[in-house]
Every structure is written in C-alpha cells, then in structure tokens.
Amino acid sequence: MTEIILTPEQMAVYKRIVDELENLRSLTDWEKERLIRDIMEKPFLDLLCDVAFKYVFQQDMESLKMLLNDFLPERIVSVSTKPNELVSPVAGDKKPVLDILAETDDGRKIIIEMQQEKRSAFFPRLYYYGSRLLSGQLQKGRSYKDLVRVIVICFTNFTSPHPGCPEEQLVYEYQHREKVGGGVFTPLHTTYICELPRLAKKAVKDMNPVENWFYILRNCRNFAHKPEGMDPRYDHIIEAAKTNLVPDKERTQYLRAMLSDYDKKDIADAYFEDGYEKGMQKGIEKGMEANRLETASKMLEDRIGVDLVMKYTGLSLEQVETLKG
C-alpha cells in the first residue's frame, strides 16, 4: 500500500478547513495537524462517512451492482445513479437529499443510505424517502399499473429494536403486510435496514457475501491493505476506496464531513467538560481511537503483522501482544 504523505501546501489548505468549524479552530497547530493526518493519511476512506460512501459507489457501478445483488432477492443486470435530490411535486414540500439514488435496467428505483448516528424519527424519515419516490412517478393520464417498485436500503452504524427478530439478524426487511396472515399488501415499497454493529466476530474467509459487505463498510478506514482471505470479487470496492485516488475537490468534501462529526461530538464535548488539555486528550481518544482494540484484533485475525497493527492503530507492542493472547 502506497503511504500517503501530505505536502505542506495540502496541510495549509486542510488547516483552513479545520478553522471553518467553531469548536475546532481553537486547537493548536499540532492538534489540527494530528487530526488532519488521522483522517487524510489513512490508506482507505471511511465508508461510514456519507460523503465517502456516496463518492465510492457513484464512481464504481460494478461494486454498486454487486452490492445490490448480494442484498436483494431479485437479479439486477444493470444499474445507474440519478440526481440525488427528490423533486417536489408541490411547492414548499420538503425535498430530501439522498446519499445514492439508483435505477435498475427495468426501472426499479433504489435509495441507498449510510447512517452513522441514530437521529430522531429515523424510521419515518426512511419511509418518507420511499413514499416520495413512489408518489412522484405518475404524471396526469398515467395508470397506477405503471408504478415501479421502490426499494430503500439503509446501512446503519447503530442498532434499533426489531421486536420478534433474533439478535444475530443482520438485515431487516419491512413491507406493508396483513396483521394476522402476514400477506404482503403491495411489493411496491420495501425497506431494508442493515445494522453493521450486529456482525459477529469471525474470520474473513468464512464470511458470506452480506457479512463481507458489513465488514468492509464498517472497517475499511482501518485497513492497511485488502484483508487476507477476502474473496477477489471485492477487489473493485477496495480499489475504489483508496484515499490517494480521490480527486482534490472530493477530498476536501470528505475532510469537511469527517471534521464536522468531530466538531459536533467527541472533541467539542470533551473540551467543555474537562478543560483544554484533559479534554483534548479525552476527545481525541474517544473520537479517533475508540475502536483501536477492536480494529487491532481484526487485523491480527487477518494475519497482519504486529508492526503494521501497531502502525495503523497506535497501540503499543504490549497491547498488541495481549490481544494475541
């Protein structure tokens, strides 16, 4: 993997982006630089970030088609992406901006979302997205028989309650169904909730296609290279997620999105709670290194060398050896 080293010119541009955010501009130059390097010198993008998720899958139609075929029961031969703002048929209506809006060769509409944090009215929001895409299909004079299926697929980095479902379930499918018999009212509107944290710990070589996607989406940012034992069919997505292949404009958008998350949560909260020095340390550890041990364990499972594990997680030799057991 080619090491990414930021030039002084790039660092100056990125520091100006940090200064756009009120709660981060008070950091010292060293702290800003450390934050920037943690994001921009990683070999791979963080696909939990909606900007990176959108960029990668809009660039790589083969990976997008493969993802859809791995999650959906019906076969998809071709897929294209569309403008991601839903046009409102009524002036003043709320216009959702989607992560990815795709269309299959036979006209099916698919919304694909990445949700890092749980927000209020999460399920109603997904339902609204699909309903808007469905209701906007017919112009005056067309028949309801012309309606095509709308599918919403949302990947979340959190879990939600799903009464009656097993804890180990990864994907939840929702449709309109009859309460007693369970018959489907109409297949025109289906929502899939894919909860990444539910992936059980196991060797990459033993994962099925859905589990492989869960593993890639959740851990891509911490890869040193493609995980050992992963099927070559995922080479496309691993290649597309390389940070050094992202154009400058998209890199700055990615940095802004990543910094915005830090600005709203970890570093800012720790700063105000604990004072500058202690707060910065707590914030950085919480915001950037909360998953170091989990990541190191997975790297060791993939037989990645101790030196690389230490390099890309920041753990000490003693910590890594402890994980090895």
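For the structure given in this document, a descriptive report is provided here. The structure displayed is predicted, hence computed values, not measured ones.

**Brief notes about the overall build of the protein chain**
From N to C terminus, the protein chain includes 13 helices and 6 strands. In the protein chain, which comprises 325 residues, the share counted as buried stands at 46%. Put simply, of all contacts in the protein chain between residues at least 6 apart along the chain, 63% involve residues at least 24 apart. In the form shown here, the protein chain has an accessible surface area of approximately 16700 Å², with 51% of it arising from carbon and sulfur atoms.

**Observations concerning empty space enclosed by the protein**
Applying the stated criterion across every chain, the model contains 1 cavity of 30 Å³ or more. Of the volumes computed, that of the largest cavity is approximately 80 Å³. In terms of lining, the largest cavity is formed by Tyr215, Asn219, Asn222, Phe223, Ala224, His225, Pro227, Thr295, Lys298, Met299, Asp302 and Ile304. Put simply, the parts of the chain that give the lining of the largest cavity at least two residues each are helix 6 (209–219) and helix 11 (292–301). By residue class, the composition of the lining of the largest cavity is 6 nonpolar, 4 polar and 2 charged.

**Description of the nonpolar core**
Proteins that are soluble and globular tend to have nonpolar side chains buried together. Phe57, Leu68, Ile110, Ile153, Phe155 and Leu259 are the most contacted members of the largest nonpolar core, which has 65 residues in total. Looking at which element gives the most residues to this core, the answer is helix 6, with 6 residues. Among residues more than four places away in sequence, those in contact with isoleucine 153 are Leu68, Leu72, Ile110, Ile111, Ile112, Glu113, Tyr192 and Cys194. By size, the runner-up hydrophobic cluster in this structure holds 14 residues, among which are Leu101, Leu126, Cys154 and Ile193.

**Details of the side chain of lysine 42**
Examined against the element boundaries, lysine 42 turns out to sit in the loop between helix 2 (29–40) and helix 3 (50–59). Despite its burial, lysine 42 pairs with no opposite charge; the closest candidate is aspartate 38, at 4.4 Å N-O. Those residues within four positions of lysine 42 in sequence are excluded, and the remaining contacts are Ile4, Arg37, Arg221, Asn222, Thr243 and Tyr312.

The rules behind these values
- Residues numbered from 1 in each chain as written.
- Predicted model: local features only at pLDDT ≥ 70, side-chain atom pairs only at ≥ 80, totals over all residues.
- Heavy atoms only, no water.
- Helix = DSSP H or I, 4+ residues; strand = E, 2+ residues; numbered from the N terminus.
- Buried < 20%, exposed > 50% of the residue type's maximum accessible area, 1.4 Å probe, protein only.
- Contact = heavy atoms within 4.5 Å.
- Areas by Shrake-Rupley, 256 points an atom, 1.4 Å probe, with all protein chains shown as cover.
- 1 Å grid on protein atoms, 1.4 Å probe; cavity = no way out; pocket = protein on both sides within 12 Å on 5 of 7 lines; lining within 4 Å.
- Points joined across faces, edges and corners; volume = space filled by probe spheres on them.
- Nonpolar A, V, L, I, M, F, W, Y, C, P; charged D, E, K, R; others polar.
- Core = buried A, V, L, I, M, F, W, Y, C linked by side-chain atoms within 4.5 Å.
- Lys, Arg positive; Asp, Glu negative; His and termini not counted.
- Salt bridge = Lys/Arg side-chain N within 4 Å of Asp/Glu carboxyl O.

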